[in-house]
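# Tertiary structure, described
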Amino acid sequence: MQAMMKTVKCSLIAVLVGAVPMMAGESKMDVAAMFEKECQGCHGPNHEGGVGSSLEPKALGKKNAYSLSEVILNGRAGTAMPAFKGKMNKDDADKMVEYLLKYEGQQIKNLTMQDVEATHKILQDREALYKKYPKPSDVKSVQDIVVFTERDASKVGFIDGTTNKVLSKHESGFATHVTVVNKRIPRYVYNISRDGWVNMFDLNAPGQPIIAKIRVGSDSRGLACTPDGRYVLAGNYVPGGAVLLDAMTLKPLKVYPTSSVIDMDGNLGSSRVASIADTPYGPYIAFALKDAGHVYIIDYSKPDFPIVGDIAGVGKILHDAFLNEGEEVGRYYMIASQGSDVMGIIDFKTKTLSGKVYTGPGTKPHPGQGSSWFSEKMGKQYHATVNMNLGQVTIWDNQWNVAKQVKTSGGGLFVGTNEHTPYIWADNVIGGEDNYNKVHLIGKDSLMVERIIEANKEGEIKLIDAKTHKVIKKWSTKAPKNEKGEAVTPRLLHAEPALHGEHMYISDWMGGRILVVDAKTGEFIETIEGLTTPTFTYSIEHRMDLPGA
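Below is a summary of the structure that appears in this document. In every chain, residue numbers begin from 1 and rise along the written sequence. Restriction of local features to residues with pLDDT of at least 70 applies here, the model being predicted, together with a cutoff of 80 or more for giving and counting side-chain atom pairs; totals for whole chains, interfaces and linings are based on all residues. Based on all heavy atoms of the structure, the side-chain values leave hydrogens and waters out of the count.

## Here's the deal with helix H5 (residues 90-102)
Applied cut-off: Each helix is a run of H or I in the DSSP string that is no shorter than four residues. Each strand is a run of E no shorter than two, and both are numbered from the N terminus. One fewer than the residue count of a helix, multiplied by 1.5 Å, yields its expected span. Three exposure classes are used, based on accessible area relative to the maximum for each residue type with a 1.4 Å probe and protein chains only: buried under 20%, partly exposed in between, and exposed over 50%.
With 13 residues, H5 extends 19 Å from end C-alpha to end C-alpha; this agrees with the ideal 18 Å at 1.5 Å per step. Of the residues making up H5, those classed as buried are Asp92, Ala93, Asp94, Met96, Val97, Glu98, Leu100 and Leu101.

This is the structure we're talking about:
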């Protein structure tokens, strides 16, 4: 009997070792703090997933703990999951797995006006600054300013796009996400952090100060300002919902909870809010219910700001979106469904789902700011997205037919353009270390990759002819280094037009810098150095003209 019990105990231990590490060794890592700093941005504060997969115990329960630890240390090729072996050892990774498998979650409450109102802060007298600084203090025009975010430093800053000089930096909340401009009064811009803080900046005042702030949730993403300059809408993952704010004060006006909605499978539950976009097409602002597959349309011209459109069945796991340019600009809200591999086309005119563009199996479209342009050669309006899981840019026309699948080096997060460049610019930031140092320049008329910008850890930047693979031109810069002073492979993302369309800003996440290149040729001009994990850049001039941004 004792022998039998010993055998049973050994078998049980073997099962437990396969599920949870026995001990996290000698790790002294603050695992919750590490998760918040390094993991929360992609996997969510409640481990519910986002750009990254769900890390909830129910999602991880059938996975082998050893393999989970290996993924943490070595990353996963073809996804946004990087290797953390430079920041964690094996004991640290085991401790993280144990934490994930035992995580019980935070209590999620419904979104209420009272909770939001309690966080509202006025930091500066807006009207006094408005009178004192009728013109910008630090630049000739606010349209020359480019906003940048430093993800790991939790800061947002401002650059003079005519000199590429950094004007100021500000603490702005964890993993600062989206920044939008008040198109009617562009001296005011707003940004939202992933821990729910919305900040309002005055670009005319010296140092571009924060003049008001409010916390709309504990995990947030989307933000938009209406074209009339009166309202800002902010969206939450946790607690699910959106908050309408007064654009001059950030005072909350209405909350739209999404704690009880029906998803595409008929289940009732809470939904995160993903993309938010205003439109010049009418007095509408849209927000997407990420988990429910709905898009809501608010009419902000009516009393009490009602939801006047509820478009269901768009797709699973809705994410980011952009609007069409050209004829009837802003009529179509084109939103990525990463669980269905489609771009859903929402028609603001009819408030219906006008069509779906299938990007391909397992692609996970992620347009970022998206691209919409008119090809003179083809006589057509085109639209484009990159895809996270595949080195491919999907291009479609106004009949919602795929016109071309353009091969790139790896999965991307952002594709962008404007009227001053002959290209659409696609990054490969999820393509692995061999590929995330490249940006592909796709011809607007040829719908082919024509040039490639490539940067290496030695500081060399190359402009390559995509057809012949020959180097057109190359430049030497300082070798990009991490915070430890180690040379790193540049990780390039998010090309943004600046200086009246003459330049493109490309962020180098790993190298702590922004590359400034010629928008017409892709030729290197200079770098903006001394930044911490720069991610997004937002040109005030470009964003004033870009519908829905």
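Now that the structure has been shown, we can carry on.
## Some points on the packing of helix H2 (residues 31-43) against H5
Two packed helices can be described by the angle between their axes and the distance between those axes. Counted only if it meets this: Here the axes come from fitting lines to C-alpha atoms, over the contacting stretch only for helices, and the angles between their N-to-C directions go from 0 to 180 degrees. In these notes the angle categories are as follows: under 35 degrees is roughly parallel, over 145 is roughly antiparallel, 65 to 115 is roughly perpendicular, and the rest is oblique. By definition, residues are in contact when any of their heavy atoms lie within 4.5 Å. Side-chain classes follow a simple rule in which Ala, Val, Leu, Ile, Met, Phe, Trp, Tyr, Cys and Pro form the nonpolar group, Asp, Glu, Lys and Arg form the charged group, and the remainder, Gly included, forms the polar group.
For the pair H2 and H5, the least separation of the axes is 10 Å and the interaxial angle reads 90 degrees. Of the possible angle classes, the one that applies to H2 and H5 is roughly perpendicular. Touching Val31, Ala32, Met34, Phe35 and Cys39 of H2 are Lys95, Met96, Tyr99 and Leu100, all from H5. Taken together, the residues of the contact of H2 with H5 sort by class into eight nonpolar, no polar and one charged.

## A word on the nonpolar core
Here is the rule: Here, the term nonpolar core denotes a set of buried Ala, Val, Leu, Ile, Met, Phe, Trp, Tyr and Cys residues that are joined through side-chain atoms within 4.5 Å.
Counting residues in hydrophobic clusters, the biggest one holds 26 residues, and the most contacted among them are Tyr190, Val198, Val216, Leu223, Leu245 and Leu250. Those elements giving two or more residues to this core turn out to be strand S6 (188-192), strand S7 (197-202), strand S8 (210-215), strand S9 (219-225), strand S10 (231-238) and strand S11 (241-246). Look past the residues within four positions of Leu223 in its chain and what remains in contact with it is Val178, Val180, Tyr190, Asn191, Ile192, Val198, Val232, Leu233, Ala234 and Ile276. Of all hydrophobic cores here, the second largest spans 21 residues; its members include Val139, Val156, Val189 and Phe201.

## Let's talk about the side chain of Ser220
Keep this limit in mind: Two N or O atoms count as a polar contact when they lie within 3.5 Å, although within protein this holds only if one can serve as hydrogen donor and the other as acceptor, and sequence-adjacent residues are included solely when both atoms are side-chain atoms.
With respect to the secondary-structure elements, Ser220 resides in strand S9. Note on Ser220: relative accessible area 0%, which makes it buried. There is a polar contact of 2.6 Å between the side chain of Ser220 and the side chain of Asn236. Contacts of Ser220, omitting those with residues within four sequence positions, involve Ile192, Ser193, Arg194, Gly196, Gly235, Asn236 and Tyr237.

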